[in-house]
Amino acid sequence: MTNAQSSSSLPVRHLEFRREFNSPRDLVFSVWTSPDHMRHWLHPTSEWSNPVVEVDLRVGGRYRLGFRHPENPDIVFVVGKFLEVEWGVRLVYTWTWEPPDPHAGHETIVTVNFATTPQGGTEVTLTHDRFPDDAVRKRHDEGWKGTLECLERYLEAL
């Protein structure tokens, strides 16, 4: 695996990561979009869990993810709508935290591109745009870095 890269020189409102995985593109896409897989890796650290993962994978379809940390019984939710779905190639979706998150209601956009590497693995390029301020951008930078690490561990275990 190569390391994830954050584009810290970009404006406050943008994050970008590129990460290579040794798994085929169709598998990585399926793991990224299937609730049965997502609940095992889609969280910022291995301490977190996803007790709620609902996905309607189609343009205009919605998703809802519930995250829980073991030190807090409350579930925090992010919701969104799929704007583009190109199977195995590209996803674009909105990303909005629900209350009580202090930035609840502020819609950001996530774009994920999946490309086959020359070695038969997958390069994932993830961008997350439209952050309201640098603090929110930093929180998501840390979260996505950890999430991509969890994804790597999960794919390696399959």
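Look up a bit, the structure's there.
A brief look at the structure comes next. (Residues numbered from 1 in each chain as written. Predicted model: local features only at pLDDT ≥ 70, side-chain atom pairs only at ≥ 80, totals over all residues. Heavy atoms only, no water.)

### Some points on the packing of aromatic side chains
Per the stated rule, a full pass over the model turns up 12 aromatic pairs. Relative to Trp95, the ring of Tyr63 lies with its centre 6.5 Å away and its plane at 40 degrees, an arrangement referred to as tilted. On the criterion of sequence distance, the pair formed by Tyr63 in strand β3 (residues 62-68) and Trp95 in strand β5 (residues 90-97) is long-range, its members being 32 residues apart. In this structure Trp95 comes out as buried when scored by relative accessible area, which is 6%. (Phe/Tyr/Trp six-rings, centres within 6.5 Å; stacked < 30°, edge-to-face > 60°. Helix = DSSP H or I, 4+ residues; strand = E, 2+ residues; numbered from the N terminus. Buried < 20%, exposed > 50% of the residue type's maximum accessible area, 1.4 Å probe, protein only.)

### Some details on helix α3 (residues 134-157)
Over its 24 residues, α3 runs 35 Å from end to end, which matches the ideal 34 Å to within 8%, given 1.5 Å per residue. The backbone nitrogen of Ala135 has a side-chain oxygen 3.1 Å away, supplied by the residue at the start of α3, namely Asp133. (Expected span 1.5 Å × (residues − 1). Polar contact = N/O pair within 3.5 Å; in protein donor to acceptor, adjacent residues only side chain to side chain.)

### Thoughts on the environment of Pro24
Its place among the elements puts Pro24 in the loop between β1 (14-21) and α1 (25-33). With 92 residues separating them along the chain, Pro24 and Thr116 place their C-alpha atoms 7.2 Å apart. What Pro24 contacts, discounting residues up to four positions off in sequence, is Gly120 and Thr122. (Contact = heavy atoms within 4.5 Å.)

### Some remarks on the pattern of salt bridges
Where charged atoms from two side chains of opposite charge approach closely, those side chains can pair. Evaluation of the coordinates by the stated rule reveals nine salt bridges. A salt bridge links Arg139 to Asp101; the shortest N-O distance between them is 3.0 Å. Here Asp101 lies in the loop between β5 and β6 (108-116) and Arg139 lies in helix α3, a separation of 38 residues in the sequence. The exposure class assigned to Arg139 is partly exposed, which follows from its relative accessible area of 34%. (Salt bridge = Lys/Arg side-chain N within 4 Å of Asp/Glu carboxyl O.)

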